[in-house]
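A structural walkthrough
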Amino acid sequence: MPPPRLGSSILAASCRSSKPVSLLRRLGVVGSCPPDVRHNASEVPPPVGVPQCFHQGALPRGHVLGSLRFFHAGASEHSSEVHASEILRTLKSVGGGDSIDLGTALHQFDAKIDEDVVLKVLQKQRSNWQVALAFFKWAVGLPGYVHGSRAYTEMLDILGRMKKVRLMRQLFDEIPEERQGAVVTNRMFAVLLNRYAGAHKVQEAVEVFYLRKDYGFELDLVGFQILLMSLCRYKHVEEAEALFREKKEEFPHVIKSWNIILNGWCVKGSFRDAHRIWNDIIASKVERDLFTYGTFINALTKDGRISAAVKLFNSMWEKGINPDVAICNCIIDQLCFKKRIPEALEIFGEMNDRRCQADVATYNTLIKHLCKIKRMEKVYELLDEMEAKGCPPNTRTYSYILKTTEKPKDVTSLMQRMEQSSCKLDSDTYNLVLNLYINWKYEKGVQQVWDEMERSGSGPDQRSFTIMVHGLHSQGKLDEALHYYTTMKSRGMIPEPRTKILVKAMYMKKDGAATEDESPSMTGKSLKLDPRSRIFHVQK
């Protein structure tokens, strides 16, 4: 049985108390002994660096997990890509929506479906959950095919990512009982924990952790740390710390668990709590590692205590603890943020002498801040140095430089350089270029970027539609802007508040009366467009 629901106020109170409280134990959340559990007999030791919880069971060579089909591994990859591409074209032609019926459209692919094909199609539809779910359900009814762990996990992740947590839980509960042993894995539970936390469903996340027992999985330290990380990632640090302290008897306070809570407070921006945890770690006599130092140095810098951070950084050398590249990057980044770029470049130069090789994040930090002050000669010098030293630039590197471009040909030149260095564009980069082109009124470029996003499966996402709605409005193309808005909503994407206000203004301009997103709070107020941010501000 899952534990009773937890109240945030109870958790917060237990966290702030000077002495550990037993509220969570009385609620049945902690203190119980784990029952006998099964261990997957098919599980084998994972590769080095991969946690056991993310490792799936070993299967015979050539077998597709969850599928009854067998084939030669050599030809499978190519055929899967071909079939997935054909299916994606068909899905695009039939459109989407809640009432989508794929039975007739995809009948020709009945004999070509295996889990690899399903997985590739789902991965290309991550931003279109309705079509992804319709396709997933269509595949369930095919003779000779059943979904495996990878397909279920991907579909659950898509629904959770789009904040459709009720549908996510419904899909999980609908996994056939006879398939649960092969389908439900530690990785699936990790996805559920992360997506519930991301939707700020703290009680449900805790309940899912305890639900592991019902499926025969052990309530182990790794699983508990995944729960803590998921809660902290989405700023539910008080609840995470309360669980951490109350579960001390069952899950020892190892340094990794301390680091998760310390990092959680740092990410949330509470230096007072981060400092409190730092002192608790010292008092606990647990040996601090590089991540502990790096996290607290980061907390110091974010609180504006750059001098204290540099002092702690230097003390590491004195104690014989060599800072790694992540810690050096933190110091360099904050020095740049404080406009102390010469000092940052000095530490950058000393890294090689101290046998600390700069990585892409080091270069990105320097390039980012050098771009801000328009020192483009130094930027391209660092870019050349990255390639010469075998440290290939990534999409973030190019994004910083793209923001400084002023003409379409500059963008084209950088994109060609990205292609030559095998740097694949992601959705953020596509949206950046899309925003540049729409602001420059470069219609051909806008269409090319939009088509490429659809082809690659990197979008268009909610941000892409928002850019088009605001950009087309700024050009006076109200009908086109409203078309993109309607399409965005039909795909289940939630418009930003500023976009709703903008659309209201467009309807007022077109029809003389608001017909979209009526709001009494707008009565007696007017909208004024900021020419730089392209955002409407409400004025009385």
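Residues numbered from 1 in each chain as written. Predicted model: local features only at pLDDT ≥ 70, side-chain atom pairs only at ≥ 80, totals over all residues. Heavy atoms only, no water.

In the annotation of an unreviewed UniProt entry, the entry for the protein chain reads Pentatricopeptide repeat-containing protein, and the organism field reads Urochloa decumbens.

1. Some thoughts on the overall build of the protein chain
For clarity, the cut-off: Secondary structure elements follow DSSP: runs of H or I no shorter than four residues count as helices, runs of E no shorter than two count as strands, and numbering proceeds from the N terminus. Each residue is assigned to one of three classes by its accessible area relative to the maximum for its type, calculated with a 1.4 Å probe on protein chains only: buried under 20%, partly exposed between the two thresholds, exposed over 50%. Note on definitions: a residue-residue contact is assigned when non-hydrogen atoms from the two residues lie within 4.5 Å. Computed by Shrake-Rupley with a 1.4 Å probe, the accessible areas treat only the displayed protein chains as cover when residues are assessed.
For the protein chain, the helix and strand inventory stands at 27 helices and two strands. Burial status across the protein chain gives 47% buried among its 540 residues. Nonlocal contacts in the protein chain, meaning residues at least 24 apart in sequence, comprise 62% of its contacts between residues at least 6 apart. For the protein chain, the exposed area adds up to about 27600 Å²; of that, 51% sits on carbon and sulfur atoms.

2. Let's talk about the layout of surface pockets
Defined as follows: In the cavity and pocket records, a cavity denotes points on a 1 Å grid over the protein atoms alone where a 1.4 Å probe fits but cannot get out, a pocket denotes an open set with protein on both sides within 12 Å along at least 5 of 7 lines, and lining residues are residues with an atom within 4 Å of a point. Grid points are joined across faces, edges and corners, and a volume is the space filled by probe spheres set on the points.
By volume, the second largest pocket amounts to about 440 Å³. Around the second largest pocket sit 17 residues that line it, and M415, E419, L425, Y430 and E452 are the ones nearest its centre. Listed by contribution, the elements that provide at least two residues to the lining of the second largest pocket are α22 (408-420), α23 (427-440) and α24 (443-456). No other element matches the six residues that α24 contributes to the lining of the second largest pocket.

3. Things to note about the UniProt feature "repeat: PPR" (unreviewed entry) in the protein chain
What counts here: UniProt positions are given in the numbering used here, feature names are shortened, and annotations may be inferred rather than shown by experiment.
Using the residue numbers shown here, the UniProt feature "repeat: PPR" (unreviewed entry) corresponds to residues 289-323, 324-358, 359-393, 426-460 and 461-495. Across residues 324-358, helical content stands at 74% and strand content at 0%; the span's end C-alpha atoms are separated by 10 Å. The straight-line gap between the two end C-alpha atoms of residues 359-393 is 10 Å; of that span, 74% is helix and 0% is strand.

4. Observations concerning the nonpolar core
Going by this rule: Here, the term nonpolar core denotes a set of buried Ala, Val, Leu, Ile, Met, Phe, Trp, Tyr and Cys residues that are joined through side-chain atoms within 4.5 Å.
In terms of nonpolar packing, the biggest core is built from 149 residues, with I87, F135, W138, M155, F172, F189 and I297 touching the most fellow members. Per-element tally for this core: the top contributor is helix α5 (residues 129-140), with nine residues. Not counting chain neighbours up to four residues away, the residues in contact with I87 comprise L106, F109, I113, V117, V121 and F135.

5. Thoughts on the environment of K256
Position of K256 relative to the elements: it lies in helix α13 (residues 255-268). Placed 35 residues apart in sequence, K256 and F291 show a C-alpha to C-alpha distance of 8.6 Å.

6. Considering the packing of α24 against helix α25 (residues 462-474)
This is how it is decided: Fitted lines through C-alpha atoms give the axes, limited to the stretch in contact for helices. The angle between two N-to-C directions lies from 0 to 180 degrees. Oblique is the label for any angle not covered by the other classes, which are roughly parallel (under 35 degrees), roughly antiparallel (over 145) and roughly perpendicular (65 to 115). Crossings are assigned a handedness: left-handed for a near helix turned anticlockwise from the far helix by less than a right angle, right-handed for a clockwise turn.
In the contact formed by α24 and α25, the axes pass within 12 Å of each other and the chain directions differ by 160°. By the criterion of interaxial angle, the relationship of α24 to α25 is roughly antiparallel. Like other packed secondary-structure pairs, α24 and α25 cross with a definite hand, here left-handed. Along the contact surface, α24 presents V446, W450 and M453, while α25 presents S464, F465 and M468.

7. What about helix α6 (residues 149-161)?
Filter applied, for reference: What a helix is expected to span follows from its residue count: subtract one and scale by 1.5 Å.
The end-to-end C-alpha distance of α6 is 18 Å, a good match for the 18 Å that 13 residues give at a rise of 1.5 Å each. Most of α6 sits out of view: 10 of its 13 residues are buried. Within α6, burial applies to S149, A151, Y152, T153, E154, M155, L156, I158, L159 and G160. Buried residues along α6 sit in contact with α4 (115-124), α5, α7 (165-173), α8 (180-183) and α9 (186-198). Count one or two residues on from α6 and you reach K163, which has phi positive near 65°.

8. Re the pattern of salt bridges
To keep it simple, the criterion reads: What makes a salt bridge here is a side-chain nitrogen of Lys or Arg within 4 Å of a carboxyl oxygen of Asp or Glu, nothing more.
Taken as a whole, this structure holds 22 salt bridges when the rule is applied. When the shortest N-O distance is used, the salt bridge between R276 and E241 registers 2.8 Å. Placement of the pair is R276 in helix α14 (residues 271-284) and E241 in helix α12 (residues 237-246), with a sequence separation of 35 residues. On the accessibility criterion, E241 (0% relative accessible area) is buried. The class of R276 is partly exposed, set by a relative accessible area of 27%. Ionic contacts of the salt-bridge type, sharing partners, join the residues E241, R245, D273, R276 and D280 into one network.

9. Some points on the packing of aromatic side chains
For clarity, the cut-off: A pair of Phe, Tyr and Trp rings is counted when the ring centres sit within 6.5 Å of each other, with Trp represented by its six-membered ring. The angle between the planes then sorts it: under 30 degrees is stacked, over 60 is edge-to-face, the rest tilted.
Under the defined criterion, the tally for this structure stands at 20 aromatic pairs. Centroid distance W278 to F296: 4.4 Å. Interplanar angle 10°. Geometry classified as stacked. Pair noted here: W278 is in helix α14 and F296 is in helix α15 (residues 290-302), with a separation of 18 residues, a long-range link. Both residues of the pair, W278 and F296, count as buried. Measuring from ring centre to ring centre gives 5.2 Å for W450 and Y484, while their planes differ by 80°; the resulting arrangement is edge-to-face. Here the residue W450 occupies a position in helix α24, and Y484 occupies one in helix α26 (residues 478-490), the gap between them amounting to 34 residues. W450 gets classed as buried once you look at its relative accessible area, which sits at 8%.

10. A word on the state of the cysteines
What counts here: Cysteine sulfur atoms that pair up within 2.5 Å are treated as a disulfide.
What the rule picks out here adds up to zero disulfides. Free cysteine: C266, not disulfide-bonded; nearest cysteine sulfur from C330 at 7.9 Å.

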